[in-house]
Amino acid sequence: TSYPRNPKLAPPLPRLDFEDGATWGHRIIKDLQSGASGWIYWNMFLDMDGGPFAFSAEHNDGPNNWQHPVVVVDGESDRFHLTGLFWFLSHFSRFVRPGSVFVKVDKSKSPSHDGISMAAFHEKNHGDEHHSNVVQIVNKDAQEKNIAICSDGYVARMKVPGFSITTGIWE
């Protein structure tokens, strides 16, 4: 069966805007909250049409098996475009280092926190007693949100821009 694409429900792929990164960041956080210890995304590079297409009739894939890459390659202009997914994955890989331990986050049930997802990590640097904490905050709404992070009696208040990922680090 062929299903027509509805651009209001699913914009054409690949997306070259930044906003889709918040959707991916939210997915990564939900996977981590469910116990995942890592996250892999299959499509690193695809062309401007979201291909090359890989499809299999036995799996009911149609000839337009739309995919979304981390990097979109424009072969005609010899240019590439970093997607929102690239920048959100970059935040996780840069600030959540190997050996970091996932820490449960209690999020407020306040309506002002709708669209916010968070994942926190504790890291002990090997060879010294230096400890650091990292929190990844994703806002998948268009509106800026005011939030507070509480840890060991300290409070950090911050504004989280719409469609964004914000990283907080403290010792």
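Since the structure is predicted, the reported quantities are computational estimates derived from the model, not experimental observations.

Is there a simple way to think about unusual backbone geometry in this case?
One can expect most non-glycine residues to show negative phi and most peptide bonds to be in trans. The backbone of Asp78 sits at a positive phi, close to 55°, despite the residue not being glycine. As for its position among the elements, Asp78 is in the loop between strand 2 (71-74) and strand 3 (79-82). Positive phi, close to 45°, is recorded for Phe163, a residue that is not glycine. Position of Phe163 among the secondary structure elements: in the loop between strand 8 (154-160) and strand 9 (164-170).

Help me understand the confidence of the model for the protein in this model?
Parts of the model with low pLDDT should not have their predicted coordinates read in detail. Taken over all residues, the pLDDT of the protein has a mean of 81, while the share at 70 or more is 77%. Here strand 1 (residues 45-47) is the element of the protein with the lowest mean pLDDT, 85, and strand 9 is the one with the highest, 91.

Is there a simple way to think about the packing of aromatic side chains in this case?
Think of a pair of aromatic rings as described by two things: how far the centres are apart, and how the planes are tilted against each other in angle. Taken as a whole and judged by the stated rule, the model has five aromatic pairs. Ring geometry for Trp39 against Tyr41: centres 6.1 Å apart, planes inclined by 5°, an arrangement best described as stacked. Relative to Phe121, the ring of Phe102 lies with its centre 5.7 Å away and its plane at 70°, an arrangement referred to as edge-to-face. Here Phe102, found in strand 4 (residues 101-103), pairs with Phe121, found in strand 5 (residues 116-124); they are 19 residues apart in sequence, far enough to count as distant. Among the aromatic residues, ring-to-ring pairing joins Trp24, Trp39 and Tyr41 into one connected group. Across from the ring centre of Trp24, 4.5 Å away, lies the NZ or CZ of Arg27, which sits over that ring.

What counts, and at which threshold
Residues numbered from 1 in each chain as written. Predicted model: local features only at pLDDT ≥ 70, side-chain atom pairs only at ≥ 80, totals over all residues. Heavy atoms only, no water. Helix = DSSP H or I, 4+ residues; strand = E, 2+ residues; numbered from the N terminus. pLDDT = per-residue confidence, 0-100. Phe/Tyr/Trp six-rings, centres within 6.5 Å; stacked < 30°, edge-to-face > 60°. Lys NZ or Arg CZ within 6 Å of the ring centre and 35° of its normal.

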